[in-house]
Amino acid sequence: MSTGHDLADWTRGEAGIVYQRCGCGAAWYFRRAFCPRCGRLDPQTVQASGRGTVYASSLNHRAPTETLRPYAPYLIVLVDAEEGFRMMAHGDRTLRIGERVQARFVDFGGTLVPYFEKAEKK
Amino acid sequence: MSWIVGVGLTPYGKHPGRSTLDLMSDAAAAALADAALGREDVDGLICGYSTTLPHLMLSTLFAEHFGLRPTYAHAMQLGGATGFAMAMAAHLAIESGAARRLLVVAGENRLTGQSRDVAVQTLAQVGHAVYEVPLGATIPAYYGLVASRYMHEHDTSEADLAELAVLMRAHAATHPGAQFREPITVADVLASKPVASPMKLLDCCPVSDGGAAFVVAREPLGERCVKIRGTGQAHTHQHVSAAASLTEFGAAASVRVALARAGTMLSDIDYAAIYDSFTITLTILLEEIGLAPRGRAGRLAREGYFSRDGRLPLNTHGGLLSYGHCGVGGAMAHLVEAHLQLTRRAGARQAGQPRLALLHGDGGVLSSHLSLVLEAA
């Protein structure tokens, strides 16, 4: 069973998105040692594709700290990942709800964060 | 059965030099005076929390300061839902026999007791420390996300949302304690500074100093009694990323429980006190509860439906959006106003003779839901 430490995870400063899933069919984003639906103690920790659909978006003009102020305004999005979990990230300012997106990773005040762009360009 | 037998409310806005304990004391003294009770008459105490005075034991800290020796006391933390949750806890303490007369009190110098950046950062912590806060998300951004989805699914425009800010300001104009009383128009709201789209400055409640309190008793003491008829809760998530839906929250479920316990129906409600941290919050709560059809809250506000002389008077003190928001006391001001309305003491703001009020508050990002049904004596 993967503990997830071998996977690229932006919350650890690496260019990747990690999620978890359980044999019961549940998939979720916030890491924990058990399935929040059925309670099993052996969730799988998995690398996500970074593909998904924009569920919601807000252009944030008011950064919470001095360090982040030069980045404002920045688009905060909720993305429904194709693996069945939802996550918060940054996104291209032209994104619209319902658009198919792909993640890359950008620096945001010294932190690497997921940044979604329109998917179709290949 | 329990009764709210007295209420106290300070003006909201700037109270420079006044601490959390000062503001709590002001409100508590006012509530006891309203109930014609002394400190010795109170055997229970329920407090909330204060971001400017984080403390492990706020209730006993306050009890010692104010001069109470309760036989039942605790503090509670449910974000914006705390005020109504404290009312429910007091009601349950009465029903169980744990206490006979409880003082419920909150206060905070949230505006002048800290810098604006600290306030914004503290509040942002309702977001996930690992998965949300590092993205530079703020409370307005969480609600901006909710608003974007809600407007996408329902026929709601920014001008519709603005109507609720205009209404709250019109109500606040007649309350001397309100933080903002200058009338505003839909155009003013639309032209106000962008905060987190689609939320603009006038879609957002202010940060305030203030305090609020009430006394809950086993008997209908005195002339100023309002019965707590029903209470309900629902808690669906903490973080907006983990919310199952951004258009169906726990509000309707919570209200259903409160109405069932009260043995009454939504159509019997003739005064509404609904949490309004943002115009989108108020819109969603009104529409999910069923006090307005989906996509229609703004239009109903414009048509006067929620005005003092309308079919369903709403937040006649001006709500969080214009009376102000000092944290736990924010929603308690809604309760104080409902009490004044049900006891016909709202003066120039009196909205006819309401008999049955529905109060609903939420904490987090529409995460925790608390509903109360109050009835005139």
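K.L.:
I would appreciate a short explanation of the overall build of chain B in the present structure.
P.N.:
Of regular secondary structure, chain B possesses twelve helices and eleven strands. On C-alpha atoms alone, chain B measures out to a radius of gyration of 19 Å, which is about the 21 Å that the 2.2 N^0.38 rule sets for 377 residues. Taken over the C-alpha atoms alone, chain B extends approximately 55 × 45 × 40 Å along its principal axes. For chain B, the proportion of its 377 residues judged to be buried stands at 62%. Counting contacts in chain B only where the partners sit at least 6 residues apart, residues at least 24 apart contribute 78% of the total.

K.L.:
I tried to follow the overall build of chain A on my own but got confused; where do I start?
P.N.:
Of the regular secondary structure elements, chain A holds zero helices and eight strands. Compactness check: chain A gives a C-alpha radius of gyration of 15 Å against a globular reference of 14 Å for 122 residues, within 12% of the reference. Across its three principal axes, chain A shows a C-alpha extent of roughly 45 × 30 × 25 Å. In chain A, buried positions account for 36% of the 122 residues. Look at the contacts in chain A between residues 6 or more apart in sequence, and 48% of them connect residues 24 or more apart.

K.L.:
Teacher, can you tell me more about the packing of helix H5 (residues 139-153) of chain B against helix H9 (residues 279-289) of chain B here?
P.N.:
Any two packed helices are characterised by the angle at which their axes cross and by the distance between the axes. Residues and elements named next belong to chain B. For the pair H5 and H9, interaxial distance at closest approach is 9 Å and the crossing angle is 50 degrees. Put simply, H5 runs oblique to H9. In this structure, H5 crosses over H9, and the sense of that crossing is left-handed. Seen from H5, the contacting residues are Tyr143, Val146, Ala147 and Tyr150; seen from H9, they are Ile280, Thr281 and Ile284. Tallied by class, residues from the contact of H5 with H9 come to six nonpolar, one polar and no charged.

K.L.:
Just to check I follow, could you spell out the sheet that holds strand E3 (residues 44-47) of chain A for this structure?
P.N.:
As a general point, the strands of a sheet are linked pairwise by backbone hydrogen bonds and lie either parallel or antiparallel. Pairing is antiparallel in the open sheet, where three strands are placed in the order E2-E1-E3 (chain A). Here the strands that pair on one side only, and so sit at the sheet edges, are strand E2 (27-28) and E3 of chain A.

K.L.:
What's the story with unusual backbone geometry in this structure? I'm lost.
P.N.:
Trans is the prevailing form of peptide bonds, just as negative phi is the prevailing case for residues other than glycine. A cis amide bond links A:Ala72 to the next residue, A:Pro73, at an omega of 0 degrees. For the bond from B:Ser197 to B:Pro198, the omega torsion is 0 degrees, close enough to zero to count as cis. Here B:Pro198 lies in the loop between strand E5 (194-196) and strand E6 (199-200). At B:Ala36, a residue that is not glycine, the phi angle is positive and equals roughly 55 degrees. The topology assignment puts B:Ala36 in the loop between helix H1 (20-35) and strand E2 (44-47). Residue B:Ala36 is classed as partly exposed on the basis of its C-beta count, with 14 C-beta atoms lying within 10 Å. Backbone geometry places B:Arg344, a non-glycine residue, at a positive phi of 55 degrees. Counting through the fold element by element, B:Arg344 comes out in the loop between helix H12 (328-342) and strand E10 (356-363). You can call B:Arg344 partly exposed: it has 14 C-beta atoms within 10 Å.

K.L.:
Would you explain helix H6 (residues 158-172) of chain B in this entry?
P.N.:
Residue pairs spaced three or four apart in an α-helix point in one direction, given the helix's 3.6 residues per turn. Residue and element names in this part refer to chain B. Between its terminal C-alpha atoms H6 stretches 21 Å, which fits the 21 Å expected from 15 residues at 1.5 Å a residue. Along H6, the residues classified as buried are Asp160, Leu161, Ala162, Glu163, Leu164, Ala165, Val166, Leu167, Met168, Arg169, His171 and Ala172. Where H6 is buried, its residues contact helix H7 (186-191), H9, helix H10 (297-302) and helix H11 (319-323).

K.L.:
Please explain the nonpolar core as it appears in this structure.
P.N.:
One recurring pattern in soluble globular proteins is that nonpolar side chains are buried together. Judged by nonpolar contacts, the single largest core of 161 residues is most densely connected at B:Ala31, B:Leu102, B:Leu103, B:Val104, B:Val146 and B:Val216. Among all residues touching B:Val104, those that are not within four sequence positions of it are B:Ile46, B:Met86, B:Ala87, B:Ala90, B:Ala213, B:Phe214 and B:Val216.

K.L.:
Would you mind going over the interface of chain B and chain A with me for this structure?
P.N.:
Many analyses report the size of an interface as the accessible area lost when the parts associate. Taken together, the contact pairs 27 residues of chain B with 28 residues of chain A. Secondary-structure elements contributing two or more residues to the side of chain B that touches chain A are helix H4 (116-124), H5 and E5 of chain B. Sorting elements by how many residues they give to the side of chain B that touches chain A places H5(B) first, with seven residues. A breakdown of the residues in the side of chain B that touches chain A according to their chemical character gives 15 nonpolar, nine polar and three charged.

K.L.:
Teacher, can you tell me more about the pairing of strand E1 (residues 2-9) of chain B here?
P.N.:
For a regular strand, side-chain orientation follows a simple rule: the groups alternate between the two sheet faces. Residue and element names in this part refer to chain B. Within E1, eight of the eight residues are buried, leaving the element largely enclosed by the surrounding structure. In the sheet, E1 pairs with strand E7 (residues 209-217) via six bridges, with the strands oriented antiparallel. Looking across to E7, one finds that Gly8 is bridged to Ala213.

K.L.:
I'm lost on the pairing of strand E8 (residues 111-118) of chain A in this one. Help?
P.N.:
All names here are of chain A. As paired elements, strand E6 (residues 86-91) and E8 share two bridges and run parallel to each other. Residue Gly91 lies in a different strand from E8, and its bridge partner there is Phe116. Examined bridge by bridge, strand E7 (residues 100-108) and E8 share eight bridges and lie antiparallel to one another. Each bridged residue has a counterpart across the sheet, and for Gln102 the counterpart in E8 is Glu117.

K.L.:
Is there a simple way to think about the packing of H1(B) against helix H2 (residues 58-66) of chain B in this case?
P.N.:
Residue and element names in this part refer to chain B. One way to put it is that H1 packs onto H2 with a least axis distance of 11 Å and a crossing angle of 65 degrees. Comparing the axis directions of H1 and H2 gives the class roughly perpendicular. Seen along the crossing, H1 lies across H2 with a hand that is right-handed. Packed against H1, whose contacting residues are Leu21, Met24, Ser25 and Ala28, the element H2 presents Phe62, His65 and Phe66 at the interface. Considered class by class, the residues forming the contact of H1 with H2 number five nonpolar, two polar and no charged.

Calculation rules
Residues numbered from 1 in each chain as written. Chains lettered and ligands numbered in written order. Predicted model: local features only at pLDDT ≥ 70, side-chain atom pairs only at ≥ 80, totals over all residues. Helix = DSSP H or I, 4+ residues; strand = E, 2+ residues; numbered from the N terminus. Rg over C-alpha atoms; globule rule 2.2 N^0.38 Å. Buried ≥ 20, exposed ≤ 12 C-beta atoms within 10 Å, placed from the backbone. Contact = placed C-beta atoms within 7 Å. Axes fitted to C-alpha atoms, helices over the stretch in contact; angles between N-to-C directions. Parallel < 35°, antiparallel > 145°, perpendicular 65-115°, else oblique. Left-handed = near helix turned anticlockwise from the far one by under 90°. Nonpolar A, V, L, I, M, F, W, Y, C, P; charged D, E, K, R; others polar. Pairing = 2+ DSSP bridges. Expected span 1.5 Å × (residues − 1). Core = buried A, V, L, I, M, F, W, Y, C linked by C-beta atoms within 7 Å.

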